[in-house]
Amino acid sequence: MAFSFFNTLGRSLQPFIPIEEGKVGFYGCGPTVYNYAHIGNLRAYVTHDILVRALRRAGYRVTHVMNITDVGHLSGDTDTGEDKMVKSAEERGKTVLEIAQFYTEAFFRDTERLNILRPTIVCKATEHIDDMIRLIQRIEARGYTYQAGGNLYFDITKFPSYGELAQLRIEDLKAGARIDVDPNKKNPYDFALWFTRSKFSNQALVWDSPWGRGYPGWHIECSAMSMKYLGEQFDIHAGGIDHIPIHHTNEIAQSEAATGKKWVNYWIHNEFLVMDKGKMSKSSGNFLTLQSLIDQGFHPLDYRYLLLGSHYRSQLQFSFEALEGARNSRRTLVERLQNVASAAHSLPPAGTVSPSDLGEEARSALERFNTAIETDLSTPRALAELWGLLRNPAIPPEEVLVVVFDMDQVLGLGLYEAVTAQPLPEAIDPEFQKEIEALIEERSKAKKEKNFQRADEIRAYLKERGIILEDTPQGTRWKKVSL
Ligand code: AMP
Ligand code: ZN
């Protein structure tokens, strides 16, 4: 297999050559766990998943590392605003670690429902402070830092290729308008490696460091943890396009400043999922979660199917009409496959098929599918090949199944499971949904009035109908379970 990826570094489609033959080191920026992931965030993780699945299916041994940001991410990516974790904990009356734990679990529940494979290594920022301190010391020893106002900053003028990823010019950056209000900075684009002067007297998590008691800047965690698990040079780093100009630009500067060599070879960035109203933002609290789609009767894989229908580098406008379209297509796909399966003499196992075992038509469909995936992960073209296969009456049903199951190792639509056993869960009747919501409201009121008997009655009544209530810091949520 010959992969090529659109590398943000250089802005071109480039053949993929790993540092070590047969192996891939991959780091994808993980979530900041102060709230639920929104469906835009989940687009980033589905993109990473397709990449990992495609490489593994092609025989690469992929080490996939994902960080969990549970400290240090301020509301502005440029060291401005409040600490997202501290703010969320205060609002919800919990400790920072409780908040982190709660939303980390919620995150992995979502990724599991989307059939996203667990990363090989998941690492929390708060458990790697020593690694960050050691890395900052290396950067400092090489003369890239200065202290001001109690904090330690990275001086971007010491790193001549600063901004290459984002195609920023350092002269423009020096002369440009101030993007930042931090008066300690020599240049507006300098960034904090370590804060000792917390802006918040109640900063919950602080550590001792050579620069004083404090906490790390946001960017350093990704450099420290990726190098710890993947080495000082590795193959692929990914994230959403919003990370190009600041977060990833700063990650490169500090990593290469520390080691004196090139850090990452391929940078893969997914475009945004946007709403009719514009940008979806976790910090504004105005966003859709996977659970909210499920509550409206969609299957999580309907959303995955919707994402696969667009290339990861194209902006995707979310709408419920589009999601309904994806649901219909996915249901039709499963139904067709079930029909093919009933026409087949036997069900092949899920796994990789050898092209030499296939007839001409099935083999060439599989080859076109592979080319689509290898060429910068073109899932829309790959899906089209899958449909073409199903529509081709000349291909025997056993071959259709074996090829589809092979393709699904990349697509992750759970097609083997769908065909072999599990019927799709039924959508919930909208009238029943209204009733559930009214009862949840009545229950909250009853609880406030200390009428626990009524509150328990409502819970029990819904449980009998397969609806389980869960009280969260953001209010009561519900889910359908099979009776
Ligand atoms: P965060 O938890 O805010 O650090 O974001 C997690 C990931 O989601 C990052 O890779 C972001 O670049 C990405 N991301 C944020 N918003 C969107 C969006 N609307 N569409 C696609 N990716 C996004
Ligand atoms: Zn990162």
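1. Topic: the sheet that holds strand β6 (residues 145-148)
1) Next: Reading across from one edge, β6-β7-β8-β9 is the order of the 4 strands in this open sheet, with antiparallel pairing throughout. With one partner strand each, in any of the chains shown, β6 and β9 (215-216) form the two edges of the open sheet.
2) Next: Strand direction decides the pairing type here: β6 and strand β7 (residues 151-154), joined by 4 bridges, are antiparallel. The residue of β7 that forms the bridge with A148 is N151.

2. Concerning the coordination of the zinc ion (ligand 2)
1) Next: The protein atoms that coordinate the zinc ion (ligand 2) are C29 (SG), C222 (SG), H247 (NE2) and E251 (OE), at distances of 2.1 to 2.5 Å.
2) Next: In this structure, the zinc ion (ligand 2) is coordinated by 4 donor atoms arranged in irregular fashion, with angles at the metal of 70 to 130°.
3) Next: Look at where the donors of the zinc ion (ligand 2) fall in the sequence and you get C-x192-C-x24-H-x3-E. Within this pair, whereas C29 is found in the loop between β3 (23-28) and α1 (39-57), its partner C222 is found in helix α6 (residues 219-230), the two being separated by 193 residues in sequence.
4) Next: Under the relative-accessibility criterion, C222 is labelled buried at 1%.

3. Let's talk about the domain arrangement of the chain
1) Next: Splitting the chain by domain gives domain 1 (4-270), domain 2 (305-420) and domain 3 (430-480).
2) Next: Centre-to-centre separation of domain 1 and domain 3, based on C-alpha positions: 40 Å.
3) Next: Counting from both sides, the interface comprises 6 residues of domain 1 and, opposite them, 5 residues of domain 3.
4) Next: Of the roughly 470 Å² buried between domain 1 and domain 3 on both sides combined, carbon and sulfur atoms contribute 57%.
5) Next: Among the residues of domain 1 in contact with domain 3, Y36, R92 and F102 are the three that bury the most area, contributing 68% of the side total.
6) Next: Put simply, domain 1 and domain 3 have 0 salt bridges between them.
7) Next: Counting every contact that joins domain 1 to domain 3 gives 0 residue pairs in polar contact (both at pLDDT 80 or more).

4. Some details on the packing of α1 against helix α9 (residues 300-308)
1) Next: It is the contact of α1 with α9, at a shortest axis distance of 10 Å, that shows an interaxial angle of 75°. The orientation of α1 relative to α9 falls into the category roughly perpendicular. On the side of α1, the interface is formed by I39, G40, L42, R43, V46, D49, I50 and R53, while α9 contributes Y303, R304, L307 and L308.
2) Next: Classifying every residue of the contact of α1 with α9 by side-chain character gives 7 nonpolar, 1 polar and 4 charged.

What counts and what doesn't
Residues numbered from 1 in each chain as written. Chains lettered and ligands numbered in written order. Predicted model: local features only at pLDDT ≥ 70, side-chain atom pairs only at ≥ 80, totals over all residues. Heavy atoms only, no water. Pairing = 2+ DSSP bridges. Helix = DSSP H or I, 4+ residues; strand = E, 2+ residues; numbered from the N terminus. Donors = N, O, S within 2.8 Å, 3.2 Å for Na, K, Ca; no water. Tetrahedral: all angles 85-135°; square planar, octahedral: opposite > 155°, others 65-115°. Buried < 20%, exposed > 50% of the residue type's maximum accessible area, 1.4 Å probe, protein only. Domains from an automatic or database assignment. Contact = heavy atoms within 4.5 Å. Buried area = accessible area lost by both parts, 1.4 Å probe. Salt bridge = Lys/Arg side-chain N within 4 Å of Asp/Glu carboxyl O. Polar contact = N/O pair within 3.5 Å; in protein donor to acceptor, adjacent residues only side chain to side chain. Axes fitted to C-alpha atoms, helices over the stretch in contact; angles between N-to-C directions. Parallel < 35°, antiparallel > 145°, perpendicular 65-115°, else oblique. Nonpolar A, V, L, I, M, F, W, Y, C, P; charged D, E, K, R; others polar.

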